[in-house]
Amino acid sequence: NTKRLDHLLILGAGPMGLELALAYRRFGSAVTVVETGKLLAHADPELAAIALRRLVDEGVVLHEDASVIAVQSRPESIGVALRLSAGESVTLDVSHILVAGTRVANLDDLGLPAARVRRAKLDPAALALSAAFRTSNPRIFAIGEAAGRPPMPHLAAIEADLVVRAAILGQQVRIDAAAMPRLTLTDPELAEIGLTEPMARQRFKSAFTVLRLGYDDNGKARARRDGLGLVKLIVG
């Protein structure tokens, strides 16, 4: 797009959807985000609330637990009918629609049975893998979305490095999903590694401590006059 969008509707509130929502809002476009589930459901709720509050403060309209009922072409716009979380319906006039839902790897045409490569039992859209990224055919490895991972370039790069070490150098490698960094480039950025607080509470009940330090106590943040955000540690 070479001109400012009048009103962008984004379907999907994953990391990429929200990153683009903030970017286009700062370009001057009206932006509405619709998510069928919870916004930033993968993230720690306390940290997600901070990122979402900044989006709302900057004028992004967020709808969670909502769905699209119909889309109609109009002479000057696109009409989109939504069903919101409370059950009421609303119709928007938008200029552009971006579909930013979950991406699924296209595995159907790869001839997997002929290559003796099995799909994952719990997720047929992904491949069955060992902790070292090997498929059921030990000569074939898989990384990234084909392996059922989230669409995160930095995560795929880490996996590629491990696969090269295993396939070329014969090293023993193993991935720890909880140790992989998760990044959402909102403002403030949402960066996580390890367990979220709800995950820790489910696994350890109360046998951990939560430590928090607000950015308003940080020298660099105060110098930039932007103290929104915090560092949160889950300590065993």
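Treat the numbers as computed from the prediction; the structure is a model and nothing was measured. In this convention, every chain numbers its residues from 1, walking through the sequence in written order. The model is predicted, so local features are restricted to residues of pLDDT at least 70 and side-chain atom pairs to those at 80 or more, both for listing and for counting; the totals for chains, interfaces and linings are taken over all residues. Remark: hydrogens and water are excluded; side-chain values derive from all non-hydrogen atoms of the structure.

Caption draft 1: Structural detail: the sheet that holds strand β7 (residues 96-99). Strand order in the open sheet made by the four strands is β3-β2-β1-β7, with parallel pairing throughout. Each of the sheet's edge strands pairs with one partner strand only, and the pair in question is β3 (61-63) and β7. Geometrically, the sheet is characterised by an average inter-axis angle of 15° between neighbouring strands, direction not taken into account. At least two DSSP bridges between two strands are required for those strands to pair. A run of H or I in DSSP counts as a helix once it spans at least four residues, and a run of E counts as a strand once it spans at least two, with each numbered from the N terminus. In the sheet, strand β1 (residues 7-11) pairs with strand β2 (residues 30-34) via five bridges, with the strands oriented parallel. Residue pairing for β2: Ile-10 is matched across the bridge by Val-33. What makes two residues a contact is simply this: any of their non-hydrogen atoms within 4.5 Å. In this description, a line fitted to the C-alpha atoms serves as the axis of each element, helices being fitted only across the stretch in contact, and the angle between N-to-C directions of two axes falls anywhere from 0 to 180 degrees. Along the sheet, helix α1 (residues 15-26) makes contact with β1, β2, β3 and β7, crossing β2 at roughly 165°.

Caption draft 2: Structural detail: the packing of aromatic side chains. In this scheme Phe, Tyr and Trp rings, the latter by its six-membered ring, pair at centre separations within 6.5 Å, and the angle between planes marks the pair as stacked below 30 degrees, edge-to-face above 60, and tilted otherwise. Summed over all chains, the structure comprises one aromatic pair. When the ring of Tyr-24 is compared with that of Phe-27, the centres are 5.6 Å apart and the planes differ by 85°; the resulting orientation is edge-to-face. On the basis of relative accessible area, Tyr-24 is assigned to the partly exposed category, the value being 21%. Burial classes: relative accessible area under 20% of the type maximum marks a residue as buried, over 50% as exposed, and values in between as partly exposed (1.4 Å probe, protein chains only). For Phe-27, a relative accessible area of 59% puts it in the exposed group.

Caption draft 3: Inspection of a nonpolar patch on the surface at higher detail. A residue counts toward a patch only above 30% relative accessible area and without a salt bridge, and it is joined to like-charged neighbours within 9 Å or, for Val, Leu, Ile, Met, Phe, Trp and Tyr, to nonpolar neighbours within 5 Å. Residue-level accessible areas treat just the shown protein chains as cover; the underlying method is Shrake-Rupley with a 1.4 Å probe. Should a side-chain nitrogen of Lys or Arg be within 4 Å of a carboxyl oxygen of Asp or Glu, the pair is scored as a salt bridge. Nonpolar side chains collect at one region of the surface, where Leu-211, Leu-213, Tyr-215, Val-231, Leu-233 and Val-235 lie side by side and expose about 480 Å² of accessible area between them. Of all elements in the fold, only β10 (209-214) and β11 (230-235) reach the threshold of two or more residues within the nonpolar patch. Looking at which element gives the most residues to the nonpolar patch, the answer is β11, with three residues. By secondary structure assignment, the location of Leu-211 is in strand β10.

Caption draft 4: Inspection of unusual backbone geometry at higher detail. Residue Pro-188 is reached from Asp-187 by a cis peptide bond, and omega for that bond is 5°. Among the structural elements, Pro-188 can be located in the loop between β8 (182-184) and β9 (190-192). For Arg-225, which is not a glycine, the phi torsion comes out positive at approximately 55°. Tracing the chain through its elements places Arg-225 in the loop between α5 (219-223) and β11.

Caption draft 5: How the structure looks around the sheet that holds strand β4 (residues 67-73). Pairing is antiparallel across the open sheet formed by three strands, whose spatial order is β4-β5-β6. Of all strands in the sheet, those bounded by a partner on one side alone are β4 and β6 (89-94). With strand direction ignored, the average angle separating the axes of adjacent strands in the sheet is 20°. In the sheet, β4 pairs with strand β5 (residues 78-83) via six bridges, with the strands oriented antiparallel. By the bridge assignment, Ser-73 is partnered in β5 with Ile-78.

Such coordinate-based values are descriptive only and should not be taken to indicate function.
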